[in-house]
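The primary structure of each chain is shown beneath.
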Amino acid sequence: MNKALLLAASCTALAFGSGTAATFLFRAKPAEGAKPLELPKSFRGERFEVADAAGKVRAWMGSAADGSPQVGVADAEGRPRAMLTVDAKGAPVVELRDAAGAALATVAVDDTGASVTLRTPSGKQAMAMHASKDGAASLSLGSGKSPSAALAADSAGDASLTFSGADGAPRASLAPGAGGYALELRDDAGVRRTEVGAKGVTAPQVVVRDAEGQARARLSIDKERGAALTLSDETGKTRAGLEATVERGGALKISDAAGTTRASLTARPDGVPVLELTEAGGVPVVSMSVRDDGTGSFALMDAKTRLIRAWLDTSTTGETALAFYDTTGKLRQVTGIDNVSIPYLKLLTAEEKIRVCLYAEEGKTAALDFRNAENQTLLSLLTGGDHRPVLAMRDSKLNDRVWLGVSSEDWTLFNLADNEGHSRVLQGIRPDSSPYIGFSDAAGKSRFFLDTDSAGRPSMAMYDSAGTTRITMYLSTDSESSQLRFNDPSGNERIWLGYDNLGGIAMNFFDPSKRTRMSLGTSKEGSPFQGFHDTVRARLSFALTPEGLPVAHATDSNGKDRLQFGLTEAGVGKVNVLDGNDQVIWSSGP
């Protein structure tokens, strides 16, 4: 405050001290060498104003129209920007306003508790926090008809979370129920589509519904400790069911629209598995089982003649046989495992020449060979000791050049090799149905990898000569935003560049333990920011507001602002020092 302001405040204080109910403004400079004014220890008045050198009232203390005491601070144009009022009920209220006079932030304490409200310049509520005297608390976000997101905790400690659409209708909620917390998801029409919760402590369940609210899938555990999954059609009829109980074992059943079971897979309590498929009249046409002696059988029957057309059986002596028959019951194909454990399959032409042969060499590798007229195998379908199916193609020198197969972990693989036998292109599909393709160097080490994961997110990775991932680029599934990561030689992510979940772009720098230490980016509106972090949270941040004003925050180890500084719209620097409870204990500037 300059000398003119000090003199104005002193003279006004003297007038108030004498009991005069009026406002005094003095803007004359004190004479050089003048004796300092002696101020009274207390004074009274209806209003106290502080003006700048141009005569603009920049701060006042007085009463509002309803008689409530009020303290206000104005900008250089004389527009009120900050107001502190104690209303008729004794509740303190702090308002922060923009240049148009709209209250963008309000802090209040009343009989119900404390609240903080943030609004847009148009007056719509953007965020509200409330802490009641009974210990309940709530936080709501959104400027529509109702909060887009609301988080609440009652005095008993139970919390709930609700997300709403633009029309205010709840779309997702997580709240305590009779047996614990329950999650509900609803569509645009407000129809409950997914439920995750529990009916009592011992009966958790997940229910998925269609657009009409009809339950189509249900996963539950009943009070007899049985687990069940049922799938229903649009009329509510169960079409498929999977259950497991101690008394009945496990069973999978599939029914048609008439309610006839068409397929059943059962593992009885005694351990015997049985699979049956029936035709529309209920006649079994496929049967597979394992007998009590450990031997299994598989049969395919003709529904009309009920003749076996294919039959697979094992015996206790170790022999296994598979036979196929034509419509007259004549055998045309034989496969089996003889008593020395050599499996085989032979397909014969009318001339009884073998053109296709399925066999297992020394009980380790099973192979299906396709042979030319010279009895040379140029195409093989293999399954090794790990039961992997493989398709191999050979060149004229009988060297493998193409390899296609499924690994023991259910990976689908396609491999192309050079004329030296080195794998250079590897393509496949993982067990979760996500595809990928990789390229290797002459030494066979992967150097480039492109894939799509199970969530549908495409990604690209580059590796160094040691095989360590150094660069990763991918497209996220939630916002379809591209992201780029850089790793150190140990494979630890150190740099991340991409769009955040609020629509802004950011770059994060991590330490070797994957803890964010520095952030740099722009918000969705284009405002830049930079943050510095300790091992837990951000401690120092710099940013430009949407209005282009520089601001900075320094926080303590609990995430509370302790120091705020920046420039006001008038270009005046301001510093706030706060205690650990978000209260300003010292402030400089207007």
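What you see is a predicted model; the values in this text were computed from it and never measured.

Here we come to the overall build of the protein. Broken down by element type, the protein carries one helix and 48 strands. Looking at the 590 residues of the protein, the share that counts as buried comes to 26%. Across the protein, the fraction of contacts at a sequence separation of at least 24, relative to all contacts at a separation of at least 6, is 4%. A total of about 35700 Å² of accessible surface is found on the protein, and carbon and sulfur atoms cover 58% of it.

This next bit is on unusual backbone geometry. You will see that Arg306, though not glycine, has its phi angle at about 60°, which is positive. Among the structural elements, Arg306 can be located in the loop between strand E23 (296–301) and strand E24 (308–314). Of note, Ser433 is a non-glycine position whose phi angle comes to about 75°, a positive value. As for its position among the elements, Ser433 is in the loop between strand E34 (423–429) and strand E35 (435–440). Accessibility expressed as a relative area gives 59% for Ser433, which makes it exposed.

Let's shift gears to the pattern of salt bridges. All told, the structure shown has 24 salt bridges when counted by the stated rule. Across the pair Asp400 and Arg394 runs a salt bridge, and its minimum N-O distance is 3.5 Å. Given a relative accessible area of 43%, Asp400 falls into the partly exposed group. For Arg394, a relative accessible area of 25% puts it in the partly exposed group. For Arg485, the salt bridge goes to Glu493, with nearest N and O atoms at 2.8 Å. Residue Arg485 is classed as partly exposed on the basis of its relative accessible area, which comes to 24%.

Formed by Val390, Trp403, Leu413, Tyr436, Phe449, Ala461 and Tyr463, the largest nonpolar core amounts to seven residues. Residues contacting Tyr436, with those up to four places away along its chain left out, are Trp411, Thr412, Leu413, Leu426, Gln427, Gly428, Ile429, Arg430, Phe449, Leu450 and Asp451.

Turning our eyes to something else, we now look at the side chain of Glu493. Here Glu493 is to be found in strand E40 (residues 493–499). Taking the relative accessible area as the measure of exposure, Glu493 reaches 10% and is therefore buried. Engagement of the side chain of Glu493 in a polar contact is seen with the side chain of Arg485, the distance being 2.8 Å. Of note is the side chain of Glu493, whose polar atom sits 3.1 Å from the side chain of Lys514.

Note: strand E36 (residues 446–452) against strand E37 (residues 458–463), five bridges, orientation antiparallel. Paired with Phe449 across the two strands is Ala461, which belongs to E37. Here E36 folds back onto E37 in antiparallel fashion, the turn holding five residues, of which Gly456 has a positive phi close to 85°. Joining the antiparallel neighbours E37 and strand E38 (residues 469–475) is a turn of five residues, in which Gly467 adopts a positive phi near 90°.

Mapped onto the elements, Asp488 comes out in the loop between strand E39 (482–487) and E40. Classification of Asp488 by relative accessible area gives buried; the value is 13%. Sequence separation of Asp488 and Arg470 is 18 residues, and the distance between their C-alpha atoms is 6.4 Å. Excluding anything up to four places from it in sequence, Asp488 contacts Thr468, Thr469, Arg470 and Arg494. Among the polar contacts listed, one links the side chain of Asp488 to the side chain of Arg494, at a separation of 3.3 Å.

Residue placement: Asp556 occurs in the loop between strand E45 (550–555) and strand E46 (561–567). Assessed through its relative accessible area of 12%, Asp556 is described here as buried. Among the polar contacts made by the side chain of Asp556, one reaches the side chain of Arg562 at a distance of 3.1 Å. In this structure, Asp556 is in contact with Arg537, Arg539, Arg562 and Gly580, ignoring residues within four places of it in sequence.

Moving on to the environment of Gly67. Here Gly67 shows up in the loop between strand E2 (57–63) and strand E3 (69–74). On a C-alpha basis, the gap between Gly67 and Val86 in space is 9.6 Å, while along the polypeptide they are 19 residues apart.

A separate point is the environment of Leu413. Within the secondary structure layout, Leu413 lies in strand E33 (residues 412–417). Once the C-alpha coordinates of Leu413 and Ile429 are considered, the two residues, 16 residues apart in sequence, prove to be 6.6 Å apart. Discounting residues that sit within four places of it in the chain, Leu413 has contacts with Trp403, Leu404, Gly405, Ser407, Gln427, Gly428 and Tyr436.

All right, on to a nonpolar patch on the surface then. On the surface, a nonpolar cluster with roughly 530 Å² of combined accessible area is contributed by Leu219, Leu229, Leu231, Leu242, Leu252, Ile254 and Leu265. Elements supplying a minimum of two residues to the nonpolar patch: strand E17 (227–232) and strand E19 (249–255). Among the structural elements, Leu219 can be located in strand E16 (residues 215–221). Looking at Leu219, the relative accessible area reads 44%, which means it is partly exposed.

Quick look at the confidence of the model for the protein now. The predicted model of the protein averages 80 in pLDDT, with 86% of residues at 70 or higher. By mean pLDDT, the top-scoring element of the protein is E45 (94), and the lowest-scoring one is helix H1 (residues 3–17) (37). Counting interchain partners and residues more than four positions distant, the pLDDT-below-50 stretch residues 1–28 has 44 contacts.

Calculation notes
Residues numbered from 1 in each chain as written. Predicted model: local features only at pLDDT ≥ 70, side-chain atom pairs only at ≥ 80, totals over all residues. Heavy atoms only, no water. Helix = DSSP H or I, 4+ residues; strand = E, 2+ residues; numbered from the N terminus. Buried < 20%, exposed > 50% of the residue type's maximum accessible area, 1.4 Å probe, protein only. Contact = heavy atoms within 4.5 Å. Areas by Shrake-Rupley, 256 points an atom, 1.4 Å probe, with all protein chains shown as cover. Salt bridge = Lys/Arg side-chain N within 4 Å of Asp/Glu carboxyl O. Core = buried A, V, L, I, M, F, W, Y, C linked by side-chain atoms within 4.5 Å. Polar contact = N/O pair within 3.5 Å; in protein donor to acceptor, adjacent residues only side chain to side chain. Pairing = 2+ DSSP bridges. Patch = residues over 30% accessible without salt bridge, like charges linked within 9 Å, V, L, I, M, F, W, Y side chains within 5 Å. pLDDT = per-residue confidence, 0-100.

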